[in-house]
Amino acid sequence: MALDPNCLFCKIVSREIPADEVLRDDHVVAFHDRNPQAPTHVLVVPTEHAAHLSDFTRSAGDDRAARLLAAASELGRRFGPDGYRVVINEGNDGGQTVHHLHAHVLAGRRMNWPPG
Ligand code: 5GP
Ligand code: ZN
């Protein structure tokens, strides 16, 4: 499990920085976003450092992206029984500000489309 000592979300994975956790296993940690955009807004991060979604999809049989989505779906059903949204902001144009891959799970209100 490789962590980057300069990465914010790696520091949350290692518990160097505290977070309000809702799920932790060998593959992912999920915690409440500190600036929530919905009544429930959690982030799901892999327990190893990877900046981009493409880092998890390079080889056939790599199931790390699937694990991230499985956790996002479990949390979506937990917090949004009537529906929820999963978002991955990728790169500058995608609005990514923390360069450790993460899925946002938003629930508790009706979501708009298209997103901003
Ligand atoms: P991005 O814009 O990279 O897709 O999302 C980064 C998210 O991380 C933002 O929604 C932001 O509010 C959240 N965030 C940034 N720093 C922290 C932190 O220290 N703790 C928590 N819980 N969330 C954070
Ligand atoms: Zn990291």
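Just so you know, these numbers come straight off a predicted model, no measurement behind them. (Residues numbered from 1 in each chain as written. Chains lettered and ligands numbered in written order. Predicted model: local features only at pLDDT ≥ 70, side-chain atom pairs only at ≥ 80, totals over all residues. Heavy atoms only, no water.)

Mind showing me how you'd approach the overall build of the chain here?
Along the backbone of the chain there are three helices and five strands. Reading the chain from its N end, one meets helices and strands in the order α-β-β-β-α-β-α-β. With respect to the three principal axes, the spread of C-alpha positions in the chain is 35 × 30 × 25 Å. By the burial criterion, 37% of the 116 residues in the chain qualify as buried. Within the chain, contacts between residues at least 6 apart in sequence are counted, and of these 51% link residues at least 24 apart. Total accessible area on the chain stands at roughly 7,000 Å², and carbon and sulfur atoms take up 49% of it. Measuring between centres, the 12 positive side-chain charges of the chain sit 5 Å from its 15 negative side-chain charges. (Helix = DSSP H or I, 4+ residues; strand = E, 2+ residues; numbered from the N terminus. Buried < 20%, exposed > 50% of the residue type's maximum accessible area, 1.4 Å probe, protein only. Contact = heavy atoms within 4.5 Å. Areas by Shrake-Rupley, 256 points an atom, 1.4 Å probe, with all protein chains shown as cover. Lys, Arg positive; Asp, Glu negative; His and termini not counted. Charge placed at Lys NZ, Arg CZ, Asp CG, Glu CD.)

Quick question: what am I supposed to make of the coordination of the zinc ion (ligand 2) here?
By definition of the ideal shapes, four donors in a tetrahedron about a metal sit 109.5 degrees apart, and six donors in an octahedron sit 90 or 180 degrees apart. At 2.0 to 2.3 Å from the zinc ion (ligand 2) lie its protein donor atoms, namely Cys7 (SG), Cys10 (SG), His49 (ND1) and His100 (ND1). Site description for the zinc ion (ligand 2): donor spacing in sequence, C-x2-C-x38-H-x50-H. Note that Cys7 is positioned in the segment before α1 (8-13) and His49 in the loop between β3 (40-46) and α2 (64-79), a separation of 42 residues in sequence. The buried category is assigned to Cys7, whose relative accessible area is 7%. (Donors = N, O, S within 2.8 Å, 3.2 Å for Na, K, Ca; no water.)

Is there a simple way to explain the pattern of salt bridges in this structure?
Once their charged atoms are close, side chains differing in charge can pair, the charge on each being opposite to the other. The final tally for this structure, using the stated rule, is six salt bridges. A salt bridge links Glu48 to Arg64; its shortest N-O distance comes to 2.9 Å. Here the residue Glu48 occupies a position in the loop between β3 and α2, and Arg64 occupies one in helix α2, the gap between them amounting to 16 residues. Judged by relative accessible area, Glu48 falls into the partly exposed class, the value being 25%. A relative accessible area of 25% means that Arg64 is categorised as partly exposed. Glu74 is the salt-bridge partner of Arg78, the closest N and O atoms lying 4.0 Å from each other. (Salt bridge = Lys/Arg side-chain N within 4 Å of Asp/Glu carboxyl O.)

Honestly, α2 in this entry has me stumped. Any pointers?
Working note: α-helix, 3.6 residues per turn, so residues spaced by three or four point in the same direction. Look at α2: 23 Å from first C-alpha to last across 16 residues, which is about the 22 Å you get at 1.5 Å a residue. Those residues of α2 lying buried are Ala65, Leu68, Ala71, Ala72, Leu75 and Gly76. Projected down its long axis, α2 shows its buried positions confined to an angular sector of 140 degrees, all on one face. Buried residues in α2 make contact with β1 (21-24), β2 (28-32), β3, β4 (84-87) and β5 (103-107). (Expected span 1.5 Å × (residues − 1). Arc of directions from axis to C-beta.)

Hey, could you run me through the site of ligand 1 in this one?
Asp33, Asn89, Thr97, His102 and His104 are the nearest of the 15 residues found near ligand 1. Arg34 places a polar main-chain atom, nitrogen or oxygen, 3.3 Å from a nitrogen atom of ligand 1. In this structure, an oxygen atom belonging to ligand 1 sits 3.0 Å away from a main-chain N or O atom of Gly95. Contact with the protein chains hides 86% of the accessible area of ligand 1, taken as 520 Å² for the molecule alone. Looking at the shell around ligand 1, the elements that each hand over two or more residues are α1 and β2. Looking at side-chain class alone, the shell around ligand 1 contains five nonpolar, eight polar and two charged residues. (Near = heavy atom within 4 Å. Polar contact = N/O pair within 3.5 Å; in protein donor to acceptor, adjacent residues only side chain to side chain. Nonpolar A, V, L, I, M, F, W, Y, C, P; charged D, E, K, R; others polar.)

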